[in-house]
Structure formats: structure tokens, C-alpha cells
Amino acid sequence: MNAFSDLSMKSDEVLRVELEEFRRQHRDLDEAIGALQAMGSGDPLTVKRLKKQKLQLKDRIAYIEDRLYPDIIA
């Protein structure tokens, strides 16, 4: 089942809470990736996996933002 279809059944308030949580997770992943790369000892496969998770979170964030704040052309 598509992960985004689960979001279509949720209320706006629940989506706002999840949006903040996903943004926090995205920031945490960004910091973790930066720390691994700064140390120079980061496993390339681990960094790649974290970047993939970060991209998936970014997609979910964009989907929720589009649902909460649709572009209305007047």
C-alpha cells in the first residue's frame, strides 16, 4: 500500500503534527550525515542509506504541505 494514501485519511491537525515530526527527523538526518562526512570515517553505504531516508522524508513533507496549503490561483 502506498504510504501517502495513509495521509489522505488524516485530519489537518494530525497532518500538522506529523509535518513537524517529519521536519525534525529530516533535520536530524541532515546533522547525522554532516557529522559522518566531517569525521571522514563514515561508511559510504551508511551515508547513502541516510540520504535516501532524508529524501523520502522530504517527499512526505512536500506531500503534506501540498495537502495543507494548496496553491490556489485566483
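Residues numbered from 1 in each chain as written. Predicted model: local features only at pLDDT ≥ 70, side-chain atom pairs only at ≥ 80, totals over all residues. Heavy atoms only, no water.

(A) View of the nonpolar core. Judged by nonpolar contacts, Leu15, Leu19, Phe22, Leu29, Ile33, Val47, Leu50, Leu57, Ile61, Ile64 and Leu68 together constitute the single largest core of eleven residues. Counting only elements with at least two residues in this core, the list comes to helix H2 (12-39) and helix H3 (44-68). With six residues, the top contributor of residues to this core is H3. When near neighbours in sequence (up to four residues on either side) are disregarded, Ile33 contacts Val47, Leu50, Lys51 and Lys54. (Core = buried A, V, L, I, M, F, W, Y, C linked by side-chain atoms within 4.5 Å. Buried < 20%, exposed > 50% of the residue type's maximum accessible area, 1.4 Å probe, protein only. Helix = DSSP H or I, 4+ residues; strand = E, 2+ residues; numbered from the N terminus. Contact = heavy atoms within 4.5 Å.)

(B) Expanded view of H3. Helix length check: H3 (25 residues) gives 36 Å between terminal C-alpha atoms against 36 Å at 1.5 Å per residue, within 8%. Here H3 has its buried residues at Val47, Leu50, Lys54, Leu57, Ile61, Ile64 and Leu68. (Expected span 1.5 Å × (residues − 1).)

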